[in-house]
Structures are given as structure tokens and as C-alpha cells.
Amino acid sequence: MTTAEAASEAAAIAPPAAPPRHLYLTGLQHHCRAVRVLHMGLVFELMLLRSAALFKRELLAAAGVVLLASRVLDCSVALLLGLLFGCLQLWCWCNAAQRVEYIRGHRAGAHGYDGQYCENTIEALQALIEEDNGPHGPVKDLHYIELDVQETADGELVVLHDFDLLRAFPNTGLNVAGYEQLALPGLKPAPELIQVQDVTSSQLCALHVAGREGLHAPTLREFIAAFRAASCRRPLVVEVKKVFSDGGRTMLLQLLREHKPYADRLELEHPGMRNPHLGFLALIAFPHFYVKCFGEFGSQRWRHWSQQFASAGIPVRCCYLETLSYCHGLPPNQGQKEEQTSG
């Protein structure tokens, strides 16, 4: 037996590797916004502690301030300053929780599925752009157009917020037949347990959003095409919920690259509508979703995709703290070296 054959046989009988343990898998749903904002702040602190390489400049600067304070001041005074800083941070979180959380372009300008338009649909997008470009525009509080993207079982990127299907596609009326088609041989899963990643794009097209005939969840490609066709002048912000394959990540990057020339044109023609942190095109995500899609901060997979987004000129930011870049701290030329090695 050759060395290669022995290594292959050993790999075949080796136990599967344990899944990575991410510190950021701490998503929280709570009716009280103050609790959610406080939780987000705590997750942000964990990110700083966990990703020293990513935030090394900030951490080194903070450490320098603490060391300088401990040298100049008495230890008790330094402790008091630290306590005051913590109280100030808590006050900032509580103050943020009390402010109205409203962005008109969130989920393509609609919220839920009970109104005239349904969230994350092309119909809602077109109505919002028409209002913004019309005689009564521009629309107040429309800082950007935001949408949510997920990957289906066959690798298509669709615009949906929830992981499960039931809220967007109620199991009544027109959707009963569509849910019947999702039944596996000998197994009929409960509708509330079926997620976007479990169905193909064609199966998803058989379901009607909010039970409204002919209203389907758009693909990301269709949504971006409608955005340009309507001559939207606002930034486009894509929030990643779940993209689990390299094919899906590559498609996402490619679609954003294709849209980049349009965003660059808006930069020249409508500079006053530019978002200071996101520009006219950006990718955003919650920390615990981002590491699932693009790798743990500091990992090889994270370095690869960070370099891809950076080379394309696409900002990648935290969705509740837009000043925080997920690509910050990338070693110079690291991405190019990995591509040359893999090539």
C-alpha cells in the first residue's frame, strides 16, 4: 500500500471533525427592544474580546490608555474611571433602546404580510421607489433599501427574512397544494418545521406569499434587476441571513459585483444620498449569522471571503453597528496569496 492510499484509508475511518464552536451563536428574540439592544452590546463586547486579531488596533489603543492611566493615576481612580465608562456605555445602550427603530427602506419598504404590500417583494420595492422618485418625494427616513437573502437547497439566493416558511407562506388556500408537494416519501413534515434551506427554488415558486395569487418570493437576481429597472437612487443594502455553500457565496459576490457599476454611477449623480458607512452598495449581517456564512473571524475561510469583498470594493458591516467592518484587520495581500496557492 502506497503512502497516499494509507492516508486516504486513515481519513476514511477517522471520526468526523467536531463542528466549530462559535462564540457569536447568541441570537436573541425578545419583545422588549431594550433587552435586545443590551444583548447586542454584550455580543459586540464579546466580538472585541474574541477577535483580537481583527480589532488589534482598537484593542492595543485601549490597552495603552489603561496602562497609561494606571501609571499616572492611583489604582482606585483607574477603577472608578472604568466603572464610569461602563455606566456611560450602559446609558448609551438604554438611550438607543428608547429611540424609534424605523428605517423606511427596511425589508424593501414593507413590514409583515398584512398590508397593501408584503415585505421583501418586488411589488413593495417598486411602490417605494415610485413614491421616492415621484412629485411628493423624496421619502422621509429612506436611508437605503434593505433586503434579506437566504440560500435554497439547490443553491439559489432568494429574498426572504424568516428561516421557516410559515409566516411568509401560510398553509391555507392556494398554498395547501404547494405544501403537499414538499412531503418526503413516507414523511409529511409539519409546515412550521420546513425552512428555506430545505426546499428548492422551484418548490418555493409553487408557494404564494401571504396566500396572494401570483405573488412569489423573488430571487436576489430578480430583486436587483427590478431595483435598477425602477431607476432607484438610494443605496442597496443586502443583509445575509443564511448562505451555506461556496456556490451560494460565489453567486452573492458575483451579483453584487454586477451591481457595483450602477452604485458607482449613483455615487457621481446623487452624492447627497450616499450612506456615510455603507456607500451605495453594502453587505450587512448579524455577527452570529456572518460567521456561519463566511467563517470564524481570523480563519482561513474568513480571510478568503474578506479579501474577495475588499477587492470588489463592497463594504461588509455589522447590521446594528454600521461603523464595524467585518473585513477590518485583514493581513495585506493575504487573500491573493491564498488564491495563488489554491490555483
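What comes next concerns the included structure. These numbers were taken from a predicted model, which means no experiment stands behind them. (Residues numbered from 1 in each chain as written. Predicted model: local features only at pLDDT ≥ 70, side-chain atom pairs only at ≥ 80, totals over all residues. Heavy atoms only, no water.)

For the rest of this paragraph, the subject is the overall build of the protein chain. Across its full length, the protein chain carries twelve helices and six strands. Within the span of the protein chain, comprising 343 residues, buried residues form 41% of the whole. Of all intrachain contacts in the protein chain linking residues separated by at least 6 positions in sequence, the fraction that spans at least 24 positions is 72%. In the structure as shown, the protein chain presents an accessible area of about 18,600 Å², 59% of it carried by carbon and sulfur atoms. (Helix = DSSP H or I, 4+ residues; strand = E, 2+ residues; numbered from the N terminus. Buried < 20%, exposed > 50% of the residue type's maximum accessible area, 1.4 Å probe, protein only. Contact = heavy atoms within 4.5 Å. Areas by Shrake-Rupley, 256 points an atom, 1.4 Å probe, with all protein chains shown as cover.)

Moving on to the environment of Asp246. If you trace the backbone, Asp246 turns up in helix H9 (residues 246–269). Given a relative accessible area of 47%, Asp246 falls into the partly exposed group. In the structure, Asp246 is positioned 48 residues away from Phe294 in sequence and 9.2 Å away in space, judged by C-alpha atoms.

For the pair helix H5 (residues 122–133) and helix H8 (residues 220–229), interaxial distance at closest approach is 10 Å and the crossing angle is 15°. In terms of orientation, H5 and H8 fall into the roughly parallel class. The handedness of the crossing between H5 and H8 is right-handed. Contacts between H5 and H8 involve Ile122, Leu125 and Ile129 on the former and, on the latter, Glu222, Phe223, Ala226 and Phe227. Here the residues of the contact of H5 with H8 sort into six nonpolar, no polar and one charged. (Axes fitted to C-alpha atoms, helices over the stretch in contact; angles between N-to-C directions. Parallel < 35°, antiparallel > 145°, perpendicular 65-115°, else oblique. Left-handed = near helix turned anticlockwise from the far one by under 90°. Nonpolar A, V, L, I, M, F, W, Y, C, P; charged D, E, K, R; others polar.)

The terminal C-alpha atoms of H5 lie 16 Å apart, and with twelve residues this matches the ideal 16 Å at 1.5 Å per residue to within 8%. Buried positions along H5 lie against strand S1 (145–151) and H8. (Expected span 1.5 Å × (residues − 1).)

Below, the discussion takes up the pairing of strand S6 (residues 321–325). Two faces, one strand: in a regular strand the side chains alternate between the faces of the sheet. By the bridge criterion, two bridges tie strand S5 (residues 316–318) to S6 in an arrangement that is antiparallel. Bridge pairing in S6 places Cys318 opposite Leu321. Where S5 folds back on S6, the antiparallel hairpin that results is connected by two residues. (Pairing = 2+ DSSP bridges.)

With that settled, consider the side chain of Arg107. Topologically, Arg107 is positioned in the loop between helix H4 (75–98) and H5. Among the polar contacts listed, one links the side chain of Arg107 to the side chain of Glu119, at a separation of 3.1 Å. Within the structure, the side chain of Arg107 is placed 2.9 Å from the side chain of His161, a separation counted as a polar contact. Excluding residues within four positions of it along the chain, Arg107 makes contact with Glu119, Asn120, Glu146, Asp148, His161 and Arg167. (Polar contact = N/O pair within 3.5 Å; in protein donor to acceptor, adjacent residues only side chain to side chain.)

In this structure, Pro138 follows Gly137 across a cis peptide bond, with omega equal to 0°. Relative to the assigned elements, Pro138 resides in the loop between H5 and S1. Even without a glycine there, the phi angle at Asn120 is positive, about 60°. In this fold, Asn120 is placed in the loop between H4 and H5.

The next subject is the pattern of salt bridges. The full count for this structure, using the stated rule, is twelve salt bridges. The partner of Glu131 in a salt bridge is Arg104, with the nearest N and O atoms 2.9 Å apart. Highlighted residues: Glu131 in helix H5 and Arg104 in the loop between H4 and H5, separated in sequence by 27 residues. By relative accessible area, Glu131 is classed as partly exposed at 38%. Residue Glu269 is joined to Arg265 by a salt bridge in which the shortest nitrogen-to-oxygen separation is 3.3 Å. (Salt bridge = Lys/Arg side-chain N within 4 Å of Asp/Glu carboxyl O.)

Turning to the nonpolar core, a few remarks are in order. With 49 residues, the main nonpolar core has Phe223, Val240, Leu252, Leu283, Tyr290, Phe294 and Phe309 as its most contacted residues. In terms of residues, this core owes the most to one element, H9, which gives seven residues. Those residues in contact with Tyr290 that lie beyond four places of it in its chain are Ala285, Gly295, Phe297, Trp302, Ser306, Val316, Tyr326 and Cys327. (Core = buried A, V, L, I, M, F, W, Y, C linked by side-chain atoms within 4.5 Å.)

On to the pairing of strand S4 (residues 281–285), then. The buried fraction of S4 is high, at five of five residues. Side chains Leu281, Leu283 and Ala285 project from S4 onto one buried face, and the interleaved Ala282 and Ile284 project onto a second face that is buried too. By the bridge criterion, four bridges tie strand S3 (residues 236–242) to S4 in an arrangement that is parallel. Within S4, the position partnered with Glu239 by the bridge is Ile284.

What follows covers the sheet that holds S4. With mixed pairing, six strands are arranged side by side in an open sheet as S2-S1-S3-S4-S5-S6. A single partner strand is all that each edge strand has here, and the edge strands are strand S2 (157–159) and S6. Each strand of the sheet is rotated relative to its neighbour by a mean of 40°, with strand direction disregarded. One ladder, built from three bridges, connects S4 with S5; its direction is parallel. Directly across from Ala285, in S5, lies its bridge partner Cys318. Strands S1, S2 and S3 of the sheet are contacted by H8, whose axis makes an angle of about 160° with S1.

Note that every value here comes from positions in space, so none of it alone points to a role or purpose.
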